[in-house]
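Residues per chain, in single letters:
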Amino acid sequence: MNDFGKATAVDFDVVVVGAGFAGLYLIHRLRNLGFSVRAYEKGSDVGGTWYWNRYPGARCDVESMDYSYSFSEELQQEWEWSERYAAQPEILRYIRHVAERFDLRRDIRFDTRVEAAEYDQPSATWRVRTSAGEQVRSRFFVMASGCLSSTKMPEIPGLERFAGPTYHTGLWPHEGVDFSGKRVAVIGTGSSAIQAIPEIARQAAHLHVFQRTPNFSVPAHNRPLTAEEVRERKRSYPQYREQARHSYGGVPVAYNQQSALEVSAEERERRYRELWQRGGPFLQRAYADLLIDRAANDTVVEFVHARIGEIVRDPRVAASLMPKSHPLGTKRICVDTDYYATYNRPNVTLVDLSDDPIVAVTERGVRTLGQDFEFDALVFATGYDAMTGPLLAVDIRGIDGLGLRDKWSAGPRTYLGLATAGFPNLFMVTAPGSPSVLSNMIVSIEQHVEWISELIASARAGGIRSIEAQAEAEDGWVETVNRIAAGTLMVQANSWYLGANVPGKPRVFMPFAGGVDAYRAICDEVAAQGYRGFELERVEIGEVRMERVVG
Ligand code: N01
């Protein structure tokens, strides 16, 4: 235990919420720095999102050799990814391997939720209460609870009336589900649905897909990795990872600096086809202005509409599948295997809800304004209360009992997406105000964990017992995040980036859209300037002296 300058005794230096990619790396890093850590995890094992999301077809849309930790050269050399895009079981095996390799489970309490955490100002410690009735005190409290871990059911009357089984993609039964011979409905057409639909269609007697808003999806072109590819990437990993850390989205790709409008229609078509053939989410980065200029974006929208028209045989179904209400890339682009082609199957029906919305779930199925449907099983692929949901699920109280839920009632406010004024010694990994969901999560997680651990280590070295974001620094950061988002088309879509999928949620663009490279540079500069924008409280023998570091 570290005394942080004659401070009150604590049970742990740091309490961490979550044992996914972020929580595990925090345990490892903090432990290596000599801190005592306790993590709490609501699941029965490690894995976070990959522990819960076991729906058929669940797969990462970032390539496996990018979507993996870089902090240990031995780890990245010894682990063998089998496919270009890893499926959920393989990612979960990887996370378990990491937990075992670094002996991380001994600091985790599974099947335990953190219900409340309260800051005690006189002692500058956090009192944390869990669902197991445990109360512990720690100097620091770190939320590593993920961005997409609070599942959301739709606001449809009668949900409880359906007589058959219902599933949410984000809470899938561990034993799997056999849909053979069943009449199944999938509600929703986001990333989860787009992966699950082709798999469920292969099994079910009949599948109805209820679509409120079509999404843009690009083929993954997933395939096994060749031994040569793996060898080559492993050989160049140190440089490759460094490039990833200094890229826009956490994956090193060469971005085209041209405008889509300054090249000929033939050249554009060639480039879009090349990226479509390559597969994966990079179509939205084909030209520099796709996410900032509607006319430029229209060119890529037209390209995708044409591909949908080519793949889907029934022109009416194809037309329904063509997104028209938002520019490409302003909602998370989907990456699929056989999604559009699935609608050519005789056992698949698309129900376009745009002018015939769902009005109720009934005992036997789903009722729209115009029709009643009967099913044996319902699958809700209706998403998450993203980013703020997992943070606000815990009753977090800062100075003078201020609730985070109250402080954020008009939308999340953070400094660097890492801390929030009024809540000293609380840190958040990949929270609103950081690149998080707009980036390769693992790159962002590593950067956050390293930054937070270094801050905690320097607090110990300097006898600092509390660290709090200053309100003015936070105001400035919120303004920066908003300004960058407002310069893009991303604020035009009703996306979960803006909280638009949760009725009543304040419409605030949550992630930092300036890129991981720029973000990292800002975080590094803040640290180099003695943690500019944070207020540090140093304990001197027999007295408490406030030290302000003003940026
Ligand atoms: O959730 P979503 P998701 N009636 O919110 C519909 C990540 N992820 O779980 O658009 C009818 O995107 C809703 O319709 P609408 C990724 O970041 C990654 O699919 O609101 N429909 C929408 O179609 C992703 O973006 C991977 O009109 C209703 C759907 O439900 C994020 O997770 C895989 C409805 C929800 O889509 C979330 O994806 C999976 C209602 N009442 C997920 N309510 C990969 O790495 C909601 N909907 C590949």
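Every value quoted in this text rests on a predicted model; they were computed, and no experiment measured them.

Chemist: Can you help me understand the environment of Ala-185 in this one?
Modeler: Summarising the element assignment, Ala-185 is placed in strand E8 (residues 183-187). With a relative accessible area of 0%, Ala-185 lands in the buried category. Spatially, the C-alpha atom of Ala-185 lies 7.3 Å from that of Phe-210, the residues being 25 residues apart in sequence. Discounting chain neighbours no more than four positions away, the residues touching Ala-185 are Leu-207, His-208, Phe-210, Phe-375, Ala-377, Leu-378 and Val-379.

Chemist: Quick question: what am I supposed to make of the sheet that holds strand E14 (residues 365-368) here?
Modeler: One key point about sheets: their strands pair by backbone hydrogen bonds, in either a parallel or an antiparallel sense. The strand order across the open sheet built from three strands is E13-E14-E15, with neighbouring strands paired in antiparallel fashion. The sheet terminates laterally at strand E13 (358-361) and strand E15 (372-374), the two strands that pair on one side only. In this sheet, neighbouring strand axes are inclined to one another by 20 degrees on average, regardless of whether the strands run parallel or antiparallel. In this structure, E13 lies alongside E14, joined through three bridges in antiparallel fashion. Its bridge partner lying in E14, Ile-358 is registered against Thr-368.

Chemist: Explain the layout of surface pockets here, please?
Modeler: Taking a probe equal in size to a water molecule and rolling it over the atoms shows the remaining empty space. Computed from the structure, the second largest pocket encloses a volume of approximately 340 Å³. Top contributing element to the lining of the second largest pocket by residue count: strand E12 (residues 348-352), with five residues. Split by residue class, the lining of the second largest pocket holds six nonpolar, three polar and five charged.

Chemist: In this structure, what is going on with unusual backbone geometry? I would like to understand it.
Modeler: The residue Met-387 is not glycine, and still its phi comes out positive at about 65 degrees. Mapped onto the fold, Met-387 is located in the loop between strand E16 (377-380) and helix H11 (388-392). Residue Met-387 is classed as buried on the basis of its relative accessible area of 1%. Of note in the backbone geometry, Ser-436 takes a positive phi value of approximately 25 degrees without being a glycine.

Procedures and definitions
- Throughout, residues of each chain are indexed from 1 in the direction in which the sequence is written.
- Under the rules for a predicted model, residues below a pLDDT of 70 receive no local features and side-chain atom pairs below 80 are neither given nor counted, while totals for whole chains, interfaces and linings still include all residues.
- Side-chain measures were taken over the full set of non-hydrogen atoms in the model, leaving aside hydrogen atoms and water.
- Secondary structure counts use DSSP, requiring at least four H or I residues in a row for a helix and at least two E residues in a row for a strand, with both numbered from the N terminus.
- Only protein chains enter the area calculation, which uses a 1.4 Å probe; residues under 20% of their type maximum are buried, those over 50% are exposed, and those in between are partly exposed.
- Contacts are assigned to residue pairs with any non-hydrogen atoms lying within 4.5 Å of each other.
- In short, DSSP must find at least two bridges between two strands for them to pair.
- Angles shown run from 0 to 180 degrees and are taken between the N-to-C directions of axes, each axis being a line fitted to C-alpha atoms and, for helices, limited to the stretch in contact.
- Every definition here rests on a 1 Å grid over the protein atoms only: cavities are sets of points where a 1.4 Å probe fits but cannot get out, pockets are open sets enclosed by protein on both sides within 12 Å along at least five of seven lines, and lining residues have some atom within 4 Å of a point.
- Grid points are joined across faces, edges and corners, and a volume is the space filled by probe spheres set on the points.
- Residue type decides the class: Asp, Glu, Lys and Arg count as charged, Ala, Val, Leu, Ile, Met, Phe, Trp, Tyr, Cys and Pro as nonpolar, and the leftover types, Gly among them, as polar.

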